[in-house]
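Spelled out from the first residue to the last, the chains are:
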Amino acid sequence: MATTANAIQTSATVDPRAEPAVQMLGVNKWYGEFHVLRDINLNVRRGERIVICGPSGSGKSTMIRCINRLEEHQQGRIIVDGTELTNDLKRIDEVRREVGMVFQHFNLFPHLTILENCTLAPIWVKKMPKKDAEEVAMKYLTRVKIPEQANKYPGQLSGGQQQRVAIARSLCMSPKIMLFDEPTSALDPEMVKEVLDTMVGLAEEGMTMLCVTHEMGFARQVADRVIFMDAGQIVEMNTPDAFFKNPQHERTKLFLSQILH
Amino acid sequence: MSSSVETPVFIQTKSHEALPPPNLARGPIAWMRENLFPSIPNTILTLVVFYLLYVAIPPLVKFLFIDAVWTGTDRDACRAETAGHPVGACWAFVWDKINYFIYGSYPITERWRVDVWFVLLAIGVVWLLWLKAPRRDVGAVYFFIVFPVLSFILLLGSDWVGLDHVPTGLWGGILVTLIVATVGIVFSLPFGILLALGRRSRLPIIRMASVIFIEFVRGVPLITVLIMANTMLPLFLPGDITIDRLARPLVGVALFASAYMAEVVRGGLQAMPKGQYEGAMSLGLKYWQMMVFIILPQALRIVIPGIVNTFIGLFKDTSLVAIVGIFDLVKTIEASRIDPSWSAPTIGYTGYAFAAFFYFIFCWGMSRYSLGVERRLAAGQNR
Ligand SMILES: Nc1ncnc2c1ncn2[C@@H]1O[C@H](COP(=O)(O)OP(=O)(O)OP(=O)(O)O)[C@@H](O)[C@H]1O
Ligand SMILES: [Mg+2]
């Protein structure tokens, strides 16, 4: 299985000279007896946009959460922006400073205002003066089109607005890589677009992105590569065109037929 | 689809005016019908409660106010045979002994120091608790650092400020009750938080130590802890160090309250959704930053009722220090009660009524305050 995944990966257009933003080499992970990630091999170039899809429980979340060490892998190597993730807390902190993450349920801090949500990490992690942090926060809040909500609390915003705040909060740390875990699947349909538009904008600026999402329109529009996972494995990896028009594997075909109609 | 579908009758074609809200019954009669007699079981309950109030309230009022003796200098005022009328509460006794109840045996010429201390305590409490007070950060520094040092110098005395030494054996009454309660409250919250975090630590040694401490302290009565602190604490220390007799129960009370506080705080920590930890970690916050800025503010907010409940319990439990010979309010009342010059049938009841009143005012105040804070926090941020 792994060999096919590797073969597809090398056949996809990977520039061997650029240092990869994320490198996963033979990563395996178990929850007790349960083998969640099986021999994951993945190279993400700088500026590359990757969309990950697959059935529920296939390990998509687990895989991207390994990249900022919200989950620990037990075998193989994960190298993020040149830093290998080990038990060394210093390195984990280093990686988390470089990697932003947006969650399905936003995970904003409800007891802090929108502005405080955005400035907390820059002030305490990057030791930025409060004034500068607020300026940066307002810049990103303007970019996600909600500067006027800065002094409200998360509970007073709509789901779509909250998710855009979550994106702005991550961007305030000027991450090199952004991880998205189903950022639109907890939203009402009419709010999905505003969040996707924000993400498209981010992609156009050249951010390295790994998105777990079932928004296939988004995948077609921005992805460089689409990954299909099943049962903890990367089953197929290809450009969106090839992936949607000409899926190689039965499981991929079945999955696509289910979600496209 | 054809567009020639007739408009069904159930679709509104013109907009309606808003209707006035339904007529809500007002006035005392309507209120009573709604709240006191809405159904037969409730009517029965209401009547039973009224009957109980009718049985209990008049004798109480008679004892505490109507038959009470307000002035007098000795027992003759409070004995029915010498006073010439039935005697209820003997407030003259409380009035005569009030200084003893407040200061214990603190030397009379030095009691102004205790008064100053009460004022300093009040300033600290108000500064911290009044949510709109200016510079509450300075208030915290004052209460947790400046105030303890000042208290120490002021109450105990110190040569270099020219205050006479007053041994703690002379302290007593409300002074001691408030000292024990304040020390317990001030230490139990931070220690309780540390113990709660320790109990959830990933390091087995820290976790074990926290669990053993919490379970041990919660497993024994406060009296046992106090007696142990009184007799065993000196044994643990090298022979030439003696701990003050007042300090021993202070340590006991603080440890005891911490264990309970730890469990309350742990409840709050467990109620926190995992996403809050993940959100904080993904931003690169370190463990302590995550705890101090994200988790604890929310977790403590959830358990304000439990925290205040523990404080109230602690405040009342301070009366148990009397058992190890500390003259707190209850002990000073006990001692005055048997004063022969005030020996009269209702003296004991009066003394305890006074104690009950004192404890009630403080505990009720804490309870009201926490309700107010909860309401404010609920209004500030709705999830
Ligand atoms: N903490 C855990 N302990 C044990 N099993 C877990 C844990 N977290 C996830 N799993 C299991 O690991 C598998 C992969 O989970 P994961 O959340 O990565 O799936 P997913 O592909 O993101 O699915 P979904 O689309 O539903 O989010 C699932 O079968 C899940 O039950
Ligand atoms: Mg998932």
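Cut-offs and rules
Residues numbered from 1 in each chain as written. Chains lettered and ligands numbered in written order. Predicted model: local features only at pLDDT ≥ 70, side-chain atom pairs only at ≥ 80, totals over all residues. Heavy atoms only, no water. Pairing = 2+ DSSP bridges. Helix = DSSP H or I, 4+ residues; strand = E, 2+ residues; numbered from the N terminus. Axes fitted to C-alpha atoms, helices over the stretch in contact; angles between N-to-C directions. Contact = heavy atoms within 4.5 Å. Patch = residues over 30% accessible without salt bridge, like charges linked within 9 Å, V, L, I, M, F, W, Y side chains within 5 Å. Areas by Shrake-Rupley, 256 points an atom, 1.4 Å probe, with all protein chains shown as cover. Salt bridge = Lys/Arg side-chain N within 4 Å of Asp/Glu carboxyl O. Buried < 20%, exposed > 50% of the residue type's maximum accessible area, 1.4 Å probe, protein only. Domains from an automatic or database assignment. Expected span 1.5 Å × (residues − 1). Parallel < 35°, antiparallel > 145°, perpendicular 65-115°, else oblique. Left-handed = near helix turned anticlockwise from the far one by under 90°. Nonpolar A, V, L, I, M, F, W, Y, C, P; charged D, E, K, R; others polar. Buried area = accessible area lost by both parts, 1.4 Å probe. Polar contact = N/O pair within 3.5 Å; in protein donor to acceptor, adjacent residues only side chain to side chain. 1 Å grid on protein atoms, 1.4 Å probe; cavity = no way out; pocket = protein on both sides within 12 Å on 5 of 7 lines; lining within 4 Å. Points joined across faces, edges and corners; volume = space filled by probe spheres on them.

### Some thoughts on the sheet that holds strand S6 (residues 99–102) of chain A
Residues and elements named next belong to chain A. Overall, mixed pairing links the 6 strands, which are arranged S6-S7-S8-S3-S9-S10 in an open sheet. Single-partner strands in this sheet number two, and they are S6 and strand S10 (233–238). When strand polarity is set aside, the average angle formed by the axes of neighbouring strands in this sheet is 20°. Both strand S3 (residues 49–53) and strand S9 (residues 225–230) contribute to a ladder of 4 bridges, which runs parallel. When the sheet's bridge partners are listed, Val51 is paired in S9 with Val226. Helix H7 (residues 189–204) rests against S3, strand S7 (177–181) and strand S8 (208–212) of the sheet, and its axis sits at about 150° to S8.

### What to know about a nonpolar patch on the surface
Where nonpolar side chains cluster on the molecular surface, the patch consists of Leu47, Val49, Phe50, Leu53, Ile57, Val61, Phe65, Ile66 and Trp70 of chain B and spans about 890 Å² of accessible area. For Phe65 of chain B, a relative accessible area of 49% puts it in the partly exposed group.

### A few points about the domain arrangement of chain B
Domain assignment breaks chain B into domain 1 (31–58) and domain 2 (92–382). The centre of domain 1 of chain B, based on its C-alpha atoms, is set 40 Å off from the matching centre of domain 2 of chain B.

### Some words on the sheet that holds strand S4 (residues 75–80) of chain A
Strand-to-strand pairing in sheets goes through backbone hydrogen bonds, with the strands running parallel or antiparallel. Residue and element names in this part refer to chain A. Here we have 4 strands laid out as an open sheet, ordered S2-S1-S4-S5, and antiparallel in their pairing. Both edges of this open sheet fall to strand S2 (34–44) and strand S5 (83–84), since each of them pairs with a single strand only. Direction of pairing for S4 relative to S5: antiparallel, over a ladder of 2 bridges. Paired with Ile79 across the two strands is Glu84, which belongs to S5. Sheet contacts for helix H2 (residues 60–67): strand S1 (22–31), S2 and S4; angle to S1, the most-contacted strand, approximately 125°.

### Observations regarding H7 of chain A
The periodicity of an α-helix, 3.6 residues per turn, causes residues three or four positions apart to be oriented the same way. Residues and elements named next belong to chain A. Spanning 16 residues, H7 covers 23 Å between terminal C-alpha atoms, matching the ideal 22 Å at 1.5 Å per step. For H7, the set of buried residues is Met191, Val192, Val195, Leu196, Thr198, Met199, Val200, Leu202 and Ala203. Tucked into the core, H7 has its buried residues touching S3, helix H5 (130–143), helix H6 (159–171), S7, S8 and helix H8 (216–222). In the segment just after H7, Gly206 is the residue with positive phi, at about 90°.

### Concerning the packing of helix H4 (residues 91–103) of chain B against helix H5 (residues 111–129) of chain B
Geometrically, a packed helix pair is captured by the angle between its two axes and the distance between the axes. Residue and element names in this part refer to chain B. Their axes nearest at 11 Å, the elements H4 and H5 cross at an angle of 65°. It follows from the interaxial angle that H4 and H5 lie roughly perpendicular. For the pair H4 and H5, the sense of crossing is left-handed. Here H4 contributes Asn99, Ile102 and Tyr103 to the contact with H5, which in turn contributes Arg111, Val114, Asp115 and Phe118. Among the residues making up the contact of H4 with H5, the classes are represented as 4 nonpolar, 1 polar and 2 charged.

### Digging into the interface of chain B and chain A
Size of an interface, as often reported, equals the accessible area lost when the parts are brought together. Taken together, the contact between chain B and chain A spans 22 residues of the former and 25 residues of the latter. Counting each side, the surface lost to burial between chain B and chain A is near 2100 Å², with a carbon and sulfur contribution of 60%. Contact with chain A buries surface across chain B, with Ser282, Leu283 and Phe293 of chain B losing the most and accounting together for 30% of the total. Inspection of the chain B/chain A interface yields 2 salt bridges. Ionic pairing is found between Lys286 of chain B and Asp93 of chain A, a salt bridge with its closest N-O pair at 4.0 Å. Connecting chain B to chain A are 6 residue pairs in polar contact (both at pLDDT 80 or more). Of all the secondary structure elements, the ones that give two or more residues to the side of chain B that touches chain A are helix H12 (274–282) and helix H13 (287–302) of chain B. The element contributing the most residues to the side of chain B that touches chain A is H12 of chain B, with 8 residues. In terms of residue class, the side of chain B that touches chain A is made up of 7 nonpolar, 10 polar and 5 charged.

### Remarks on the layout of surface pockets
Taken as a whole, the second largest pocket encloses approximately 1200 Å³ of empty space. What lines the second largest pocket is a set of 29 residues, among which Arg96 of chain A together with Arg202, Met281, Tyr287 and Met290 of chain B lie closest to the centre. Listed by contribution, the elements that provide at least two residues to the lining of the second largest pocket are helix H3 (89–98) of chain A together with helix H7 (173–199), H12 and H13 of chain B. Partitioned by chemical class, the residues of the lining of the second largest pocket number 15 nonpolar, 3 polar and 11 charged.

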